[in-house]
Amino acid sequence: MIPIAKLETLPVSHRETIPSDYSDIMRHMNIRWYMALYDEATWKFVSSLGLDEEYYLKTHAGGFALKHFIQYLAEVRVGEIVAIRTRILGRSAKRLHFMHFMINETTNLLSSTMEALGTHADIKIRRSSPFPSELSVKIDSRLAEHQRLDWNAPVCGFIQP
């Protein structure tokens, strides 16, 4: 896997201390909370690109999740702190391909990854629609930054923008 030091160059999309409510009978974080944490990270990530609540309300646009691929690599337990860092992998006129990396900052281990594909959408007709040019510029700028990284993301191979 990728060294933690390399992952730490990516922006933090979410950070949280794991509460006792997230624990299951095996005394680690239950799988349903991984998706909840990834959802929080996704909202912060897309907001950083300009796809925030104000944009959605103003333009009657939104986003739809299309695919997710989650890998569980190391346990997360109550009281531990996790940070989710995000990398853009690619895009098309309508779709955004990205990956979240959940780093357990308490143990300094990569705990999980989530590769995702989402689409920009026209909420009035509830269909995919192209990113407007001002968002495309922001996405392309971040994508170019992430393409200069000296490591490849561990993609599943089944998700294409």
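Nothing here was measured: the structure is a model prediction, and the numbers come from that model. (Residues numbered from 1 in each chain as written. Predicted model: local features only at pLDDT ≥ 70, side-chain atom pairs only at ≥ 80, totals over all residues. Heavy atoms only, no water.)

K.L.:
Got a minute to help me understand the overall build of the protein in this structure?
P.N.:
A tally of regular secondary structure across the protein gives 4 helices and 6 strands. Along the protein, helices (α) and strands (β) appear in the sequence α-β-α-α-β-β-β-β-β-α when read from the amino end. In summary, the protein has a C-alpha radius of gyration of 16 Å against a globular reference of 15 Å for 161 residues, a match within 12%. Principal-axis analysis of the C-alpha atoms gives the protein an extent of 45 × 35 × 25 Å. The proportion of buried residues among the 161 residues of the protein is 43%. Sequence separation of 24 or more characterises 72% of the internal contacts of the protein that already satisfy a separation of 6 or more. Approximately 8,700 Å² of the protein is accessible, and the part contributed by carbon and sulfur atoms is 53%. Placing the 19 positive and 18 negative side-chain charges of the protein at their respective mean positions leaves the two points 6 Å apart. (Helix = DSSP H or I, 4+ residues; strand = E, 2+ residues; numbered from the N terminus. Rg over C-alpha atoms; globule rule 2.2 N^0.38 Å. Buried < 20%, exposed > 50% of the residue type's maximum accessible area, 1.4 Å probe, protein only. Contact = heavy atoms within 4.5 Å. Areas by Shrake-Rupley, 256 points an atom, 1.4 Å probe, with all protein chains shown as cover. Lys, Arg positive; Asp, Glu negative; His and termini not counted. Charge placed at Lys NZ, Arg CZ, Asp CG, Glu CD.)

K.L.:
It is not clear to me how the pairing of strand E5 (residues 109–122) should be interpreted in this structure. Could you clarify?
P.N.:
The side chains of a regular strand alternate between both faces of the sheet. For E5, the buried fraction is high: 12 of the 14 residues fall into the buried class. With 11 bridges joining them, strand E2 (residues 61–72) and E5 adopt antiparallel strand pairing. Its bridge partner being in E5, glycine 62 is matched across the sheet by alanine 121. Taken together, the 10 bridges between strand E4 (residues 95–104) and E5 define a ladder with antiparallel strand orientation. Note that in E5 the partner of arginine 95 across the bridge is threonine 119. In this antiparallel pair of consecutive strands, E4 and E5, the connection spans 4 residues, and asparagine 108 shows a positive phi of 60°. Where E5 folds back onto strand E6 (residues 127–128) in an antiparallel hairpin, the turn is made up of 4 residues, including arginine 126, whose phi is positive at roughly 60°. (Pairing = 2+ DSSP bridges.)

K.L.:
Explanation requested: the pairing of E4 in the structure shown.
P.N.:
In terms of burial, E4 is largely enclosed, as 9 of its 10 residues are buried. Bridge count for strand E3 (residues 81–91) against E4 is 9 bridges, and the pairing is antiparallel. Bridge assignment links alanine 83 to a residue of E4, and that residue is isoleucine 103.

K.L.:
Looking at this structure, how should I read the packing of aromatic side chains?
P.N.:
Following the criterion strictly, the structure yields 6 aromatic pairs and no others. Measuring from centroid to centroid gives 5.9 Å for tryptophan 43 and tyrosine 56, while their planes differ by 85°, and the two rings are edge-to-face. Of the two residues, tryptophan 43 sits in helix H2 (residues 31–48) while tyrosine 56 sits in helix H3 (residues 53–59), which places them 13 residues apart along the sequence. With a relative accessible area of 15%, tyrosine 56 lands in the buried category. Between the aromatic rings of phenylalanine 101 and tryptophan 151, the centroid separation amounts to 5.6 Å while the plane-to-plane angle is 80°, which identifies the pairing as edge-to-face. A residue pair is termed long-range when its members are at least 10 positions apart, and phenylalanine 101 in strand E4 and tryptophan 151 in the segment after helix H4 (133–147) qualify at 50 residues. Across the pair, tryptophan 151 and phenylalanine 101 agree in class, each one buried. (Phe/Tyr/Trp six-rings, centres within 6.5 Å; stacked < 30°, edge-to-face > 60°.)

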